[in-house]
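# Structural characterization, general
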Amino acid sequence: MAKRKKRQPRRPKRNFQLSHFFVKKGRLQWPRVIVLVVLILGVAVWQTDMQHHEAAAQTPTADLPLNQLTREQFIARIAPEAQNLQTEYGVRASISIAQAALESDWGRSELAAKYNNFFG
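Before going into details, it helps to say that this report is about the structure given with it.

What counts and how
- Residues numbered from 1 in each chain as written.
- Predicted model: local features only at pLDDT ≥ 70, side-chain atom pairs only at ≥ 80, totals over all residues.
- Heavy atoms only, no water.
- Helix = DSSP H or I, 4+ residues; strand = E, 2+ residues; numbered from the N terminus.
- Rg over C-alpha atoms; globule rule 2.2 N^0.38 Å.
- Buried < 20%, exposed > 50% of the residue type's maximum accessible area, 1.4 Å probe, protein only.
- Contact = heavy atoms within 4.5 Å.
- Areas by Shrake-Rupley, 256 points an atom, 1.4 Å probe, with all protein chains shown as cover.
- Core = buried A, V, L, I, M, F, W, Y, C linked by side-chain atoms within 4.5 Å.
- Salt bridge = Lys/Arg side-chain N within 4 Å of Asp/Glu carboxyl O.
- Expected span 1.5 Å × (residues − 1).
- Bend = angle between axes of the 7 residues up to and from the residue.
- Arc of directions from axis to C-beta.

This part takes up the overall build of the protein. Looking only at helices and strands, the protein has five helices and two strands in total. The order of α-helices and β-strands along the protein, N terminus first, is α-β-β-α-α-α-α. Relative to a compact globule of 120 residues, whose C-alpha radius of gyration would be 14 Å, the protein shows 30 Å and is clearly more extended. Its C-alpha atoms give the protein principal-axis dimensions of about 100 × 30 × 25 Å. Put simply, the protein has 120 residues, and 18% of those count as buried. Contacts spanning at least 24 positions in sequence make up 27% of the contacts within the protein whose residues lie at least 6 apart. With the model as given, the accessible surface of the protein reaches about 10700 Å², and the carbon-plus-sulfur share is 57%.

Attention now goes to the nonpolar core. Where a protein is soluble and globular, its nonpolar side chains tend to be buried together. Core analysis: the biggest nonpolar cluster contains 14 residues, and Leu66, Leu69, Phe74, Ile78, Ile97, Ala100 and Phe118 have the highest contact counts within it. Secondary-structure elements contributing two or more residues to this core are helix H3 (71–89) and helix H4 (93–104).

Turning our attention to the side chain of Ser96. Mapping Ser96 onto the fold places it in helix H4. Setting aside anything within four residues of it in sequence, one finds Ser96 in contact with Ala82, Val91 and Phe119.

The final tally for this structure, using the stated rule, is one salt bridge. With a closest N to O distance of 3.3 Å, Glu110 and Lys114 form a salt bridge. With Glu110 and Lys114 both in helix H5 (residues 110–115) and four residues apart, this pair spans about one turn of that helix. For Glu110, a relative accessible area of 58% puts it in the exposed group.

Given a rise of 1.5 Å per residue, 19 residues ought to cover 27 Å, and the 25 Å separating the end C-alpha atoms of H3 matches this to within 8%. Approximately 45 degrees is the largest bend angle found in H3, and it occurs at Ala79, with the proline Pro80 only one to four residues beyond. Considered for burial, the residues of H3 that qualify are Gln73, Phe74, Ile78, Ala79 and Ala82. Just downstream of H3, Gly90 is the residue with a positive phi angle, here 85 degrees.

Here we come to H4. Each α-helix winds once per 3.6 residues, and so residues spaced three or four apart point in a common direction. The first and last C-alpha atoms of H4 sit 16 Å apart over 12 residues, in line with the 16 Å expected at 1.5 Å per residue. Buried within H4 we find Ala93, Ser96, Ile97, Ala100, Ala101 and Ser104. Taken down its axis, H4 places every buried residue within 130 degrees of arc, on the same side. Away from the buried face of H4 by more than 90 degrees, exposed residues Ile95 and Leu102 are located. Looking at the packing, one finds that the buried side of H4 touches H3 and H5. Just past H4, the residue Asp105 takes up positive phi, approximately 55 degrees.

Below you can see the structure in the form of structure tokens.
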């Protein structure tokens with residue numbers, strides 16, 4: 001007759017502990033720590049960005065001075081005039097907006113803030 005193998009007693013299942021996830025055999029598992037930190041920072045940046053966009057969307061652009069506008073607000077503020085110039089002179093509105101943003105540092109230069117001069 002064949003010998004029967006003795007059955008090993010089952011080990012009890014361990015409950016998940018966060019400390020076991022980051023420490024194994026007394027050593028810190030750095031890749032897991034780094035991944036967690038990157039995930040937390042990513043969520044924090046995303047959340048901050050979402051709050052910034054919500055606040056920017058609620059503020060009417062006509063009420064703010066040019067040097068306090070976000071880039072999206074700057075474009076929304078000067079787009080209608082750029083479109084009028086496109087129909088009048090044939091210069092594409094996107095080119096006018098891009099050049100205005102470049103030369104006036106998105107409306108933050110002194111000429112743009114004081115005198116509404118984007119070019120110069």
